[in-house]
Amino acid sequence: SNLWSSLVPIRSQGDKPPLFLVHAGFGDVVGFESLVRYLDSERPVYALRPIDLGGHHEPLLTIEAMAAHYVAEILQQYPQGPYFLGGQCTGGTVAFEMAQQLTAQGHVVEFLALLDTSYPAYKNYLKPRLFYYDHPPQFKRGAMDLWFYISAAIYRLRPTYFNLYTKLSYHLGKLKQQTLADNLAYIKSYIVAAVALVSKKMSKSAANSLPQTKPENEANNIPAASLEHQLSHQTSGFQDNQPSAIDAVSVRKSYIDERFFESFLRAQQKYNPNPYSGRVDFFLSTHNTYVATAKPYSLQSFKHDVPVQPETKLIFGWDEVANDFHVHEFESRHEDMVNEPYVQLLAQQLNRCIAE
């Protein structure tokens, strides 16, 4: 289908070989417009966006498949290299695989930029899920998706755990300072309060136990299915309340965005980069970086968004698979790298590196 092209021209003028930039984790490429303003004006710049964000295609479920699709679209318009590639955040992983595939096909990759890209094997995938799952997503996962339920439970119970720990510490401190008689009275007062609270909740529960009708299309009962099936259920209730068509469009966009995020996250987890013979230029945001500081599945791995200091030991990972690896620092927070005023500093580093 030609309804949705992944190759988006941001600046098509210029005599130099174009620079191709891959989207970040949510698939958005609008932020590249600000970056292009500060890049070499003689170089065309294209963005690559996910094939499924237009709603006309199913998601590509592996990094290799995404890279192959982007490479095919590039070669259709620019069959001859050399090629200049880059990827923002997790998009750098796709750019790396694109460089692998282009090289394997006999093309020359002159430049490969990873913009603060976490190495797949060292990324803590639990953390983004904790934040992402803390809302009722439009995109329904399978009933046996343990990652969904475990991470959601951890995230929701986290405040309870810390509050319980704080309260226990407080009460134990009080008990140590009092006599036995005072302690027995102290404990008795809390038991009485607890019994009263339970009685109140039971009374409230009994009052709410009367039969209540539920909408036929309650969101929690919708099974995972095709885009059209999901959306037909999620928008069918709109006819009763007669909201504007914007509501249906919003639900559709939410579903598509969340479906892409989930499929891209899973694709990254499954991706195992092969050794790369070319040069890799890594652009490191120094105000905070998503580069790992510890191996995953450790408590220290949650500190992946840390400021870069001389004593900070970063585990890049890409230097283990690239024969020629170079790090370029620029001042920015990871999430602001293509926003003003930091985007100017990133562009300066990119221009300098490409010129070399």
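Residues numbered from 1 in each chain as written. Predicted model: local features only at pLDDT ≥ 70, side-chain atom pairs only at ≥ 80, totals over all residues. Heavy atoms only, no water.

Novice: Which residues make up the sheet that holds strand β6 (residues 276-285), and what values do they have?
Specialist: The strand order across the open sheet built from seven strands is β1-β3-β2-β4-β5-β6-β7, with neighbouring strands paired in mixed fashion. Edge positions in the open sheet fall to β1 (7-11) and β7 (322-330), since each of these has one partner strand only. Strand-to-strand twist across the sheet, computed as the mean angle between neighbouring axes with direction ignored, equals 25°. Its contacts with the sheet place helix α3 (residues 91-104) against β2 (19-22), β3 (45-48), β4 (83-88), β5 (109-115) and β6, and it is angled at close to 155° to β4. (Pairing = 2+ DSSP bridges. Helix = DSSP H or I, 4+ residues; strand = E, 2+ residues; numbered from the N terminus. Axes fitted to C-alpha atoms, helices over the stretch in contact; angles between N-to-C directions. Contact = heavy atoms within 4.5 Å.)

Novice: Explain the packing of helix α2 (residues 63-77) against α3 residue by residue, including any values.
Specialist: Relative to each other, α2 and α3 sit at 65°, their axes nearing to 8 Å. Handedness of the α2/α3 crossing: right-handed. For the pair α2 and α3, contact is made by I63, E64, M66, A67, A68, Y70, V71, I74 and L75 and by T93, V94, E97, M98, Q101 and L102, respectively. Of the residues assigned to the contact of α2 with α3, the class counts are 11 nonpolar, two polar and two charged. (Left-handed = near helix turned anticlockwise from the far one by under 90°. Nonpolar A, V, L, I, M, F, W, Y, C, P; charged D, E, K, R; others polar.)

Novice: Report on the environment of Y271, specifying residues and quantitative values.
Specialist: Here Y271 is to be found in the loop between α9 (245-270) and β6. Note on Y271: relative accessible area 4%, which makes it buried. On a C-alpha basis, the gap between Y271 and V94 in space is 9.7 Å, while along the polypeptide they are 177 residues apart. Setting aside anything within four residues of it in sequence, one finds Y271 in contact with I63, E64, T93, F96, E97 and P120. At a separation of 2.6 Å, a polar atom in the side chain of Y271 contacts the side chain of E97. (Buried < 20%, exposed > 50% of the residue type's maximum accessible area, 1.4 Å probe, protein only. Polar contact = N/O pair within 3.5 Å; in protein donor to acceptor, adjacent residues only side chain to side chain.)

Novice: Before we move on, could you go through the packing of aromatic side chains and cite the residues and values that matter?
Specialist: For the structure shown, the criterion picks out 11 aromatic pairs. On the basis of an interplanar angle of 25° and a centroid distance of 5.6 Å, the ring pair of F20 and Y46 is categorised as stacked. With F20 in strand β2 and Y46 in strand β3, this pair connects stretches of sequence that are 26 residues apart. Grouping residues by exposure puts F20 and Y46 together as buried. Geometrically, the ring pair formed by Y46 and Y78 is edge-to-face, given 5.7 Å between the ring centres and 75° between the ring planes. A residue pair is termed long-range when its members are at least 10 positions apart, and Y46 in strand β3 and Y78 in the loop between α2 and β4 qualify at 32 residues. Residue classification places Y46 among the buried residues on the basis of a relative accessible area of 3%. On the basis of relative accessible area, Y78 is assigned to the partly exposed category, the value being 22%. Note that R43 overlies the ring of F84, its terminal NZ or CZ placed 4.5 Å from the centroid. (Phe/Tyr/Trp six-rings, centres within 6.5 Å; stacked < 30°, edge-to-face > 60°. Lys NZ or Arg CZ within 6 Å of the ring centre and 35° of its normal.)

Novice: How would you explain the side chain of S263 if you had to name every residue and give the values?
Specialist: Summarising the element assignment, S263 is placed in helix α9. You can call S263 buried: its relative accessible area is 9%. S263 has contacts with P59 and L61, leaving out every residue within four places of it along the chain.

Novice: If you had to explain a nonpolar patch on the surface to someone new, which residues and values would you point to?
Specialist: A cluster of nonpolar side chains, I187, I191 and V195, forms an exposed patch at the surface whose accessible area comes to about 270 Å². Its place among the elements puts I191 in helix α6 (residues 180-207). (Patch = residues over 30% accessible without salt bridge, like charges linked within 9 Å, V, L, I, M, F, W, Y side chains within 5 Å. Areas by Shrake-Rupley, 256 points an atom, 1.4 Å probe, with all protein chains shown as cover. Salt bridge = Lys/Arg side-chain N within 4 Å of Asp/Glu carboxyl O.)

Novice: Can you tell me about the pairing of β2, naming the residues and giving the values?
Specialist: With burial as the criterion, each face of β2 is covered, one bearing L19 and L21 and the other bearing F20 and V22. Sheet analysis places β2 next to β3, joined by four bridges and oriented parallel. The partner of V22 across the bridge, within β3, is L48. Looking at chain direction, β2 and β4 are connected through four bridges and run parallel. When the bridges of β4 are listed, V22 appears paired with G87.

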